Amino acid sequence: MSAQPSERRLARRFARLAAEGRAGLVTFVSAGDPDIDTSLALLKRLPGAGADIVELGMVFSDPMADGPAIQAAGKRALKAGITLKKTLDMVRAFRAADAETPLVLMGYYNPIYVYGNERFVRDARAAGADGVIVVDLPPEEDAELRPLATAQGLDFIRLATPTSDDARLPVILTGASGFIYYVSILGITGTRSAGADVVAGAVARLRRLTQLPIAVGFGIRTAPQAGAIAAVADAAVVGSALVERIAANLDADGRALPALVDDVTGFVSALAKAVRDARLPSRAAGVAE
Amino acid sequence: MPQINTYSAGPDENGHFGLYGGRFVAETLMPLILEVERAYTAAKADADFQRELDYYLRDYVGRPSPLYFAERMTKHFGGAKIYFKREELNHTGAHKINSCMGQILLAQRMGKKRIIAETGAGQHGVATATVCALFGLSCVIYMGQTDIERQAPNVFRMKLLGAELRPVTSGSATLKDAMNEALRDWVANVDSTYYLIGTAAGPHPYPAMVRDFQSVIGREVRAEMLEREGRLPDTLLACVGGGSNAIGLFHSFLDDASVRMIGVEAAGHGLDTGQHAASINGGRPGVLHGNRTYLLHDEDGQITEAHSISAGLDYPGIGPEHSWLNDIGRVEYAAITDREALDAFQLCSRLEGILPALEPAHALAHLGKIAGRLPRDHIIVINLCGRGDKDVFTAARALGVTL
């Protein structure tokens, strides 16, 4: 298996987006939320609805960086019987139906560590994953996973944050691959939103230090916000707002209502349109104010 | 790793005790964790900091705490000579204040005005609220809803001290969930806030820093024992949840080969029931709350709920230095059930006129298992790390008494 960046789906996708002159939409859902079948059906529909890259959350019982929406999603998924192995089964099923859309696994370290680092990167790659984000594995600790991942051709995506100062950024950027995930707020997922002008400044600072594409996430909740971020970054990541849509389509017992997948993908389409329109000349002028 | 010729030099520069410890936190927190480490390293080398800490430990906390010869308990078991290190006589009634005092002075050196903390039994919450009141700092305490219900007296004490109490209902609504919420708060408030962790766990430098502040316990025991008996103790006993009182007692003796050390975990309803809080005796290594250590988790790496009658031990992990000390065989780790702890709680009350907290009651129960079989010239020191006033409601309920 080749590990050349040019042959990787993420690099290919960002190259295509650049050629189209637009940013991408990255969607996040937790694997197995609200149940494994519905979650897989939704995952498969996301690219058709306009997701350029899909992130699939590997559920953990103690998600320290997540707000109430994603905490609740994880709880639903665990109740439905999700495991890391079943999450990788979902990846395999997604990949069988979609050869091109990059899929990134995102989660916390303990389930990976317990699964076994070598076994995880091998199985994740074989299932068709393209990258991995491990929220609680900073550069100081990732030597036990990152080289294994990149050797398998799995991009190891690192996070940069508003606290990443000039001393910190080189530590983060050295060894990162795939893209840089810029966490646009101080805080957990789904709680605050950053202004596009502040994000633009942060992205510009990152661009001076790295050639990697920059995706911005945490706090993008609406189509206009996604559009504003898409005007300044290479991709906009939407997670909690999608997960809240899932929660809004459950019956009193927590079971998926028939309209769930259509409703969530409808929201994704609206986000995708805003992202695609963000750099049309008429809009670009507005955003640059 | 260099050749080990001491057990007390750890962790390495990255906060690792062998396989354990480290800094497994979200990137947002990394610069702050590194800043805490720099500030602590500087404070440790600053004689003024140590002088100020010593002043407050003496005049405010009431140190040194006595080393008390428990004569009636010694006679009762008819074996080893038993001493209590009376940490329950500290201001606020537990050892927790030792580390709170050190950390609050550090937080002020760092210019932080807002303090957050997690608490299980409420002892750390009370100690944190106390030092915040002392220095006029804003204080937010995260506490699991389950613990709030079983530790009502401490909840009220924290409020009297001016702390804002935030109930945590996520997960099992106990200590681990309170720690999750405190970490979430910290990520959102990195500029203003210092996270005052209550035990010798979490991301580096906390395990080493909390240990250093708690090591005053062992240093005093060494001096007191040399003065009293002219020699070192033979066995040290302490309960272990996160393990700060145990590491505080053990650390100064790690290189004294003649001193046996036993940490006592909470076996809850029994190790074979799955309802316990014994991370070493009933768990495996994993990564949670910023460090790699022994944890209670399932085959998929999901953290499982701990159970102990003692809220302060009801945590599915343990400080990383204990995990290392276990693996290298320097410290033994035993486990005591709820029932055994309750029996020891009552025995100590009747024999010595001291109501121990349910946490050290676990160590007292293990003492009962070993003391009678040891010779009379064998000296055991047990860390009586907290007083039991907070536990009278829990104990009454468990004993079928309506108050």
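Whatever comes next refers back to the structure up there.
Residue positions within a chain follow its written sequence, with the count starting from 1. Following the order in which they are written, the chains are lettered starting with A and the ligands numbered starting with 1. Residue-level local features of this predicted model are given only where pLDDT is at least 70; pairs of side-chain atoms are given and counted only at 80 or more, and the full residue set underlies all totals for whole chains, interfaces and linings. Hydrogen atoms and water are omitted, and side-chain values are computed over all heavy atoms in the structure.

Regarding the sheet that holds strand S7 (residues 164-168) of chain B
Residue and element names in this part refer to chain B.
Now for step 1: Pairing is parallel across the open sheet formed by four strands, whose spatial order is S7-S6-S5-S8. Edge strands, defined here as strands with exactly one partner in the open sheet, are S7 and strand S8 (193-195). Along the sheet, successive strands turn relative to each other by an average axial angle of 25°, direction set aside.
Now for step 2: At least two DSSP bridges between two strands are needed for those strands to be called paired. Strands are runs of DSSP state E lasting at least two residues, helices are runs of H or I lasting at least four, and both sets are numbered from the N terminus onward. When strand S5 (residues 114-119) meets strand S6 (residues 138-144), the two strands line up parallel, connected through six bridges. Directly across from Glu118, in S6, lies its bridge partner Tyr142.
Now for step 3: Two residues qualify as a contact provided that any one of their heavy atoms is within 4.5 Å of a heavy atom in the partner residue. An axis is simply a line fitted to the C-alpha atoms; with a helix, the fit covers only the stretch in contact. Between two such axes, the angle follows the N-to-C directions and lies from 0 to 180 degrees. The sheet strands contacting helix H5 (residues 123-135) are S5 and S6, and the helix crosses S5 at an angle near 165°.

Observations concerning the interface of chain B and chain A
Interface size is often expressed as the accessible area that is lost when the parts come together.
Now for step 1: In this assembly, 41 residues from chain B lie in contact with 36 residues from chain A.
Now for step 2: Buried area: the sum, over both parts, of the accessible surface (1.4 Å probe) that disappears when the two are put together. At the boundary of chain B with chain A, total buried surface from both sides reaches about 2,900 Å², with 52% on carbon and sulfur atoms.
Now for step 3: Each reported salt bridge corresponds to a side-chain nitrogen of Lys or Arg within 4 Å of a carboxyl oxygen of Asp or Glu. For the pair chain B and chain A, the interface holds three salt bridges.
Now for step 4: The shortest N-O distance in the salt bridge between Glu144 of chain A and Arg292 of chain B comes to 2.8 Å.
Now for step 5: In protein, a polar contact means a hydrogen-donor-capable atom and an acceptor-capable atom, both N or O and within 3.5 Å, with residues adjacent in sequence counting only if both atoms are side-chain atoms; elsewhere, any N or O pair within 3.5 Å suffices. The interface formed by chain B and chain A contains 18 residue pairs in polar contact (both at pLDDT 80 or more).
Now for step 6: Within the residue set of the side of chain B that touches chain A, elements represented by two or more residues are strand S2 (20-24), helix H1 (30-44), helix H8 (175-188), strand S11 (284-288) and strand S12 (290-295) of chain B.
Now for step 7: Per-element accounting of the side of chain B that touches chain A gives the leading share, eight residues, to H8 of chain B.

Topic: the packing of helix H2 (residues 36-49) of chain A against helix H4 (residues 84-97) of chain A
What describes two packed helices is the angle between their axes and the distance between those same axes.
All names here are of chain A.
Now for step 1: Viewed as axis vectors pointing N to C, H2 and H4 meet at an angle of 35°, and their least axial separation amounts to 10 Å. With respect to the hand of their crossing, H2 and H4 are arranged in right-handed fashion. Only Lys86, Met90, Ala93, Phe94 and Ala97 of H4 make contact with H2, whose side of the interface consists of Ile36, Ser39, Leu40, Leu43, Lys44 and Pro47. Crossings are classed by handedness, with left-handed meaning an anticlockwise turn of the near helix from the far one by less than a right angle and right-handed meaning a clockwise turn.

A word on unusual backbone geometry
Excluding glycine, residues mostly carry a negative phi; peptide bonds, for their part, are mostly trans.
Now for step 1: For the peptide bond that leads from Asp33 of chain A to Pro34 of chain A, omega is 0°, which places it in the cis range.
Now for step 2: Locating Pro34 of chain A in the fold gives a position in the loop between strand S1 (24-30) and H2.
Now for step 3: Between Gly10 of chain B and the following residue, Pro11 of chain B, the backbone shows a cis peptide bond with an omega angle of 0°.
Now for step 4: Even without a glycine there, the phi angle at Thr92 of chain B is positive, about 80°.
Now for step 5: A positive phi angle, close to 55°, is found at His289 of chain B, a residue other than glycine.
Now for step 6: You can see His289 of chain B is positioned in the loop between S11 and S12.

What to know about the packing of H5 of chain B against helix H7 (residues 152-160) of chain B
All names here are of chain B.
Now for step 1: The geometry of H5 relative to H7 is characterised by a closest axis approach of 9 Å and an angle of 15° between their N-to-C directions. Judged by the angle between their axes, H5 and H7 are roughly parallel. Between H5 and H7 lies a crossing whose hand is left-handed. Residues Gln123, Gly125, Val126 and Ala129 of H5 form the contact with H7, whose participating residues are Asn154, Arg157 and Met158.
Now for step 2: Note that Gly is not counted as nonpolar here; it falls among the polar residues with everything else outside the nonpolar set of Ala, Val, Leu, Ile, Met, Phe, Trp, Tyr, Cys and Pro and the charged set of Asp, Glu, Lys and Arg. Here the contact of H5 with H7 is composed, by residue class, of three nonpolar, three polar and one charged. The labels follow the angle: roughly parallel below 35 degrees, roughly antiparallel above 145, roughly perpendicular from 65 to 115, and oblique for the rest.

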